[in-house]
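So you can see what is in the structure, the chains are spelled out below.
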Amino acid sequence: MDILNALVALANYVLVPAVAYGSQLALGALGVTLIYGILRFSNFAHGDTMAFGTMATILFTWWFQSMGISFGPLPTALLALPFGIAVSALFLLGTDRVVYRFYRKQKAAPVILVIVSLGVMFVMNGVVRFIIGTDDQRFADGARFIISAGDFKEMTGLEEGLAIRVSQGITLVTAIIVVALLFYFLNKTRTGKSMRAFSDNEDLALLSGINPERVVMVTWIIVAALATIAGVLYGLDKSFKPFTYFQLLLPIFASAIVGGLGNPIGAIAGGFVIAFSEVTVTYAFKKVLGHLLPDSLAPDGLVQLLSTDYKFAVSFVILIIVLLFRPTGLFKGKSV
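Described in the following lines is the structure provided in the data block. (Residues numbered from 1 in each chain as written. Predicted model: local features only at pLDDT ≥ 70, side-chain atom pairs only at ≥ 80, totals over all residues. Heavy atoms only, no water.)

### So, the overall build of the protein
Test applied: Working definition: helices are DSSP H or I runs of at least four residues, strands are E runs of at least two. Numbering for both runs from the N terminus. Radius of gyration: C-alpha atoms only; globule rule: 2.2 Å multiplied by the number of residues to the exponent 0.38. Each residue's exposure class comes from its accessible area (1.4 Å probe, protein chains only) as a fraction of the maximum for that residue type: buried when under 20%, exposed when over 50%, partly exposed otherwise. Note on contacts: a residue pair is in contact if any heavy atoms of the two residues lie within 4.5 Å. What sets the accessible areas is the Shrake-Rupley method with a 1.4 Å probe; for residues, cover comes only from the shown protein chains. A residue counts as positive if it is Lys or Arg and as negative if it is Asp or Glu; His and the chain ends are not included. One atom stands in for each charge, and that atom is NZ of Lys, CZ of Arg, CG of Asp or CD of Glu.
Of the regular secondary structure elements, the protein holds 14 helices and 2 strands. Over its C-alpha trace the protein gives a radius of gyration of 21 Å, about what one expects of a compact globule, namely 20 Å for 336 residues. Summarising its shape, the C-alpha atoms of the protein cover approximately 70 × 55 × 40 Å along the three principal directions. Expressed as a percentage of the 336 residues in the protein, the buried residues total 49%. Long-range contacts, defined as pairs at least 24 residues apart, comprise 75% of the intrachain contacts of the protein with a sequence gap of at least 6. Put simply, the protein shows about 15,900 Å² of open surface, and 67% of that area lies on carbon and sulfur atoms. Taken as two groups, the 24 positive and 19 negative side-chain charges of the protein have centres that lie 14 Å from each other.

### Some remarks on the packing of aromatic side chains
Formally: Only centres within 6.5 Å qualify two rings of Phe, Tyr or Trp (six-membered ring in Trp) as a pair; their planes then separate them into stacked at under 30 degrees, edge-to-face at over 60, and tilted for everything else. Only Lys NZ and Arg CZ are tested; either one counts as a charge over a ring when it is within 6 Å of the ring centre and within 35 degrees of the ring normal.
Within this structure, the stated rule accounts for 14 aromatic pairs. Here lysine 311 stacks its cationic end above the ring of tyrosine 21, 5.3 Å away from the centre of that ring.

### Describing the pattern of salt bridges
Under the convention used in this document: Within this document, salt bridges are pairs made up of a side-chain nitrogen of Lys or Arg and a carboxyl oxygen of Asp or Glu, the two lying within 4 Å of each other.
Evaluated as defined, the whole model comprises 7 salt bridges. The residue glutamate 202 makes a salt bridge to arginine 40 at a minimum N-O spacing of 3.6 Å. Here arginine 40 lies in the loop between α1 (2-39) and α2 (46-66) and glutamate 202 lies in helix α8 (residues 202-207), a separation of 162 residues in the sequence. Classification of glutamate 202 as partly exposed rests on a relative accessible area of 25%. Across the pair glutamate 213 and arginine 101 runs a salt bridge, and its minimum N-O distance is 3.4 Å.

### Comments concerning the packing of helix α3 (residues 77-105) against helix α4 (residues 110-132)
The cut-off we apply is this: Every angle, taken between N-to-C directions, lies between 0 and 180 degrees, and every axis is a line fitted to C-alpha atoms, over only the stretch in contact when it is a helix. Here is the rule for handedness: rotate from the far helix to the near one, and if that takes an anticlockwise turn smaller than a right angle the crossing is left-handed, while a clockwise turn gives right-handed. Under the scheme applied, nonpolar residues are Ala, Val, Leu, Ile, Met, Phe, Trp, Tyr, Cys and Pro; charged residues are Asp, Glu, Lys and Arg; polar residues are all the others, including Gly.
Remark: α3 packs on α4, axes separated minimally by 11 Å, with the N-to-C direction vectors making an angle of 145°. In this structure, α3 crosses over α4, and the sense of that crossing is right-handed. Along its contact with α3, which presents Phe91, Thr95, Val99, Tyr100 and Tyr103, the element α4 presents Ile112, Leu113, Val116, Ser117, Val120 and Met124. Classifying every residue of the contact of α3 with α4 gives 9 nonpolar, 2 polar and no charged.

### Observations concerning a nonpolar patch on the surface
For clarity, the cut-off: Patch rule: a residue counts if its relative accessible area is over 30% and it has no salt bridge; like charges are joined within 9 Å, and nonpolar side chains (Val, Leu, Ile, Met, Phe, Trp, Tyr) within 5 Å.
On the surface, a nonpolar cluster with roughly 700 Å² of combined accessible area is contributed by Phe316, Val317, Ile320, Ile321, Leu323, Leu324 and Phe325. Position of isoleucine 321 relative to the elements: it lies in helix α14 (residues 311-325).

### Points about helix α12 (residues 264-282)
The cut-off we apply is this: Every helix has an expected span of 1.5 Å times one less than the residues it contains. The definition of a polar contact used here is a pair of N or O atoms within 3.5 Å, where within protein one atom must be able to donate a hydrogen and the other to accept one, and adjacent residues in sequence count solely through side-chain atom pairs.
Under the 1.5 Å per step criterion, the end-to-end length of α12 is 27 Å for 19 residues, consistent within 8% with the ideal 27 Å. Of all the positions in α12, only Gly266, Ala267, Ile268, Gly270, Gly271, Ile274, Ala275, Ser277, Glu278, Val279 and Thr282 are classed as buried. Considering only its buried residues, α12 is in contact with α1, α6 (166-188), α11 (249-259) and α14. With a side-chain oxygen positioned 3.1 Å from the backbone nitrogen of isoleucine 265, the residue opening α12 is asparagine 263.

### Things to note about the environment of isoleucine 146
Positionally, isoleucine 146 belongs in strand β1 (residues 145-147). Each C-alpha atom of the pair isoleucine 146 and proline 212 lies 45 Å from the other, and the pair is 66 residues apart in sequence. In contact with isoleucine 146, not counting residues within four places along its chain, are Ile164, Arg165, Val166 and Gly169.

### Topic: unusual backbone geometry
Positive phi, close to 65°, is recorded for arginine 40, a residue that is not glycine. For arginine 40, a relative accessible area of 27% translates into the label partly exposed. Phi is positive for lysine 107, close to 55°, though the residue is something other than glycine. For lysine 107, the position within the fold is in the loop between α3 and α4.

### Quick look at the nonpolar core
Selection rule: What makes a nonpolar core is a set of buried Ala, Val, Leu, Ile, Met, Phe, Trp, Tyr and Cys residues whose side-chain atoms join them at distances within 4.5 Å.
Core analysis: the largest hydrophobic core is formed by 87 residues, its most contacted members being Leu27, Phe240 and Leu248. Among all residues touching leucine 248, those that are not within four sequence positions of it are Tyr21, Leu25, Met50, Tyr234 and Phe312. Membership of the second largest hydrophobic core comes to 7 residues, among which are Val8, Ala11, Phe152 and Leu162.

### A few points about the side chain of glutamine 168
With respect to the helices and strands, the residue glutamine 168 is situated in helix α6. Discounting residues that sit within four places of it in the chain, glutamine 168 has contacts with Val16, Pro17, Ala20, Ala163 and Asp237.

### Topic: the side chain of histidine 46
Note that histidine 46 resides in helix α2. Once you skip the residues sitting within four places of it in the chain, histidine 46 turns out to touch Gly28, Gly31, Val32, Val223, Ala227, Leu249 and Ile252.

### What about the environment of leucine 324?
Within the secondary structure, leucine 324 sits in helix α14. The class of leucine 324 is exposed, set by a relative accessible area of 63%. Separated by 233 residues in the primary sequence, leucine 324 and phenylalanine 91 have C-alpha atoms spaced 36 Å apart.

### Overview of the packing of α11 against α14
Test applied: Geometric relationships in this document are graded by angle, where less than 35 degrees denotes roughly parallel, more than 145 denotes roughly antiparallel, 65 to 115 denotes roughly perpendicular, and other angles denote oblique.
At a minimum axis distance of 9 Å, the contact between α11 and α14 shows a crossing angle of 30°. In terms of orientation, α11 and α14 fall into the roughly parallel class. Between α11 and α14 lies a crossing of left-handed hand. Residue-level contacts link Leu250, Pro251, Ala254, Ile257 and Val258 of α11 to Phe312, Ser315, Phe316, Ile318, Leu319, Val322 and Leu323 of α14.

This is how it looks when you write it as structure tokens:
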């Protein structure tokens, strides 16, 4: 029973949160890796793109709630999500037309586009803060738990309870559906194959009659969808605060680079590597060890390697190690 209690405690505080967080990072990293693989620059505005799309979704959610529209036990934000994606896509397409297209026509070096994306990042960050403010915004409604810790204890008779929130279940299911649709689109549709051809060899793709502006437009729309979905899922699971999404840029880039920048499969794998690393290193194992060890050996301290305040430091360390020893990532993406 003690072993079962230890496993349940580990699942409750490490496995389930890490799977949900990893799904969110994977979706975010997919957007980064698409931009890098197709448009050939690192988009530092991606975290604030997530914030912008989430903000738009929150505003539509509040509007629906004010009209008495709900989604039953599921969050109303899921109904507002398509509208948030549409607003985010329009904003990104407008940004591309006003800003990025000029540098693309000039054949600017990738480092120039990186610097330009930094400017876009600051503008988007200011726009989001101006519209929705800087405070935490909780917009989740509907049922809170798929299974609560109390119900789990009653069903199993164990001392430890396992709680799975609705937001965590939605995150995993949504991530699986979105990733499946994305890979189907890239591998089976004509537009997706054009994007892959453009990514592999731009000159040959142009000679084949592929319209580069169409590829760019579709890429931004997909990135808007991925960023908005990832941001909304993260906001439902935690809360929405613009500066938090700015901080998420580090683990998202770390996920994309660890998996192999430009490689979609690598982005997914990297997201889970970063998530499990962050959650495991910052978890206090006192409760788990208390079940596994005899009372005389039970730890008095938290048995925590790092405080949760330093979880982003874990991403940074992993990122540095990968850049030093395997810059192409786990799945041999494009070298950084």
